[in-house]
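Working through the structure, step by step
These are the residues of each chain, in order.
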Amino acid sequence: MEFPFDINQLFTERVSILDQTLVAGRKSAGRPDLQAHIATVIDELGRASAKAQQLTAPITSASKLQSQRHQLYLLKDGERNGGRGVVVGFLKVGYKKLFLLDRQGVHVEAEPLCVLDFYIAENLQRHGYGLELFDFVLQHKNLEPVLMAYDRPSPKLLSFLAKHYCLTQSVPQVNNFVVFEGFFLNREGSP
Ligand code: ACO
């Protein structure tokens, strides 16, 4: 995904972690011009993700990120576009209080880290970027994928989770979240 400004200048790291402040590293702090560019990138990514998932409206935008306690991990490839860099995609996560059903159908209250939105630019999908980004988040959060909940996962995400993390057996829920076998076993405090 290309933009009419220098992506490498805007995002100095290969993976930038954005939150309510819309600041990507020290450089964009106190720089409304750079923060406006960051907002443009997030809005564009959110629209592309919604389109890819055939959603009627984006679930990710700069204004939503500013008002919610979520974290957006943004991956760039600094080598592409003649060295100006391209935005490859993003993964948005956040903690949510959920009422889930365990394997016995018993209600369990949990507040897991949830995968809320995940998108890799169309022309860059199936090149391993999604795995790179997902692994970065797992390391940063020191978490196993089986301990996360997935908000309305698309068929591509389900295929991705099966391929890379062997997550295939989901535990039926009555909401839009998907959790996999092992989610309840490995939780702290669970029997
Ligand atoms: N069809 C089916 N499976 C796919 C596809 C596709 N077009 N693209 C990726 N995958 C899955 C497959 O398991 C694939 O392995 P394979 O090529 O051997 O079949 C694997 O992902 C490839 O892994 P990566 O290259 O690391 O993944 P990628 O960089 O493509 O990122 C992602 C995966 C984010 C799901 C990407 O395909 C994408 O953006 N899809 C469109 C948006 C989307 O569906 N996002 C998930 C929304 S649901 C949510 O966020 C809770």
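Presented here is a report on the structure given in the accompanying data block.

What counts, and where the lines are drawn
- Residues numbered from 1 in each chain as written.
- Predicted model: local features only at pLDDT ≥ 70, side-chain atom pairs only at ≥ 80, totals over all residues.
- Heavy atoms only, no water.
- Salt bridge = Lys/Arg side-chain N within 4 Å of Asp/Glu carboxyl O.
- Helix = DSSP H or I, 4+ residues; strand = E, 2+ residues; numbered from the N terminus.
- Near = heavy atom within 4 Å.
- Polar contact = N/O pair within 3.5 Å; in protein donor to acceptor, adjacent residues only side chain to side chain.
- Areas by Shrake-Rupley, 256 points an atom, 1.4 Å probe, with all protein chains shown as cover.
- Nonpolar A, V, L, I, M, F, W, Y, C, P; charged D, E, K, R; others polar.
- Buried < 20%, exposed > 50% of the residue type's maximum accessible area, 1.4 Å probe, protein only.
- Pairing = 2+ DSSP bridges.
- Contact = heavy atoms within 4.5 Å.

1. A word on the pattern of salt bridges
- Inspection of every chain in the model, using the stated rule, returns 6 salt bridges.
- One salt bridge in this structure joins R80 and D77, with 3.3 Å as the shortest N-O distance.
- A salt bridge links R103 to E181; the nearest nitrogen and oxygen atoms lie 3.4 Å apart. Note that R103 is positioned in the loop between β4 (98-101) and β5 (107-110) and E181 in the segment after β9 (177-180), a separation of 78 residues in sequence.

2. Quick word on the site of the ligand
- The environment of the ligand is made up of 24 residues, and the closest members are F118, G128, S154, S159 and K163.
- One nitrogen or oxygen atom from the main chain of G128 is found 2.8 Å from an oxygen atom belonging to the ligand.
- Note that an oxygen atom of the ligand is positioned 2.5 Å from one of the side-chain N or O atoms of S159.
- Taking 960 Å² as the accessible area of the ligand by itself, protein coverage stands at 86%.
- Counting residues per element, the ones that place at least two in the shell around the ligand are β6 (113-120), α4 (129-141) and α5 (155-165).
- Broken down by element, the shell around the ligand gets its largest block of residues, 6 residues, from α5.
- Grouping the constituent residues of the shell around the ligand by class yields 10 nonpolar, 8 polar and 6 charged.

3. Digging into the pairing of β9
- Along β9, one buried face is formed by F177 and V179 and the opposite face, lined by V178 and F180, is buried too.
- Pairing geometry for strand β7 (residues 149-151) and β9, over 2 bridges, is antiparallel. Its bridge partner being in β9, D151 is matched across the sheet by F177.
- Note: strand β8 (residues 170-171) against β9, 2 bridges, orientation antiparallel. Paired with V171 across the strands is V179, a residue of β9.

4. Considering unusual backbone geometry
- Here N142, not a glycine, exhibits a phi torsion of approximately 55°, which is positive.
- With respect to the helices and strands, N142 occurs in the loop between α4 and β7.
- By relative accessible area, which is 70% here, N142 ends up exposed.
- The backbone of R152 sits at a positive phi, close to 45°, despite the residue not being glycine.

5. Some words on the side chain of T60
- Mapping T60 onto the fold places it in the loop between α2 (32-52) and α3 (62-67).
- Under the relative-accessibility criterion, T60 is labelled buried at 2%.
- Within the structure, T60 has its side chain in polar contact with the side chain of K92 (distance 3.2 Å).
- Of the polar contacts made by the side chain of T60, one reaches the side chain of D117; its length is 2.6 Å.
- Not counting residues up to four positions away in its chain, the partners in contact with T60 are I42, G46, L72, F90, K92 and D117.

These results come straight from atomic positions and should not be treated as a statement about function.
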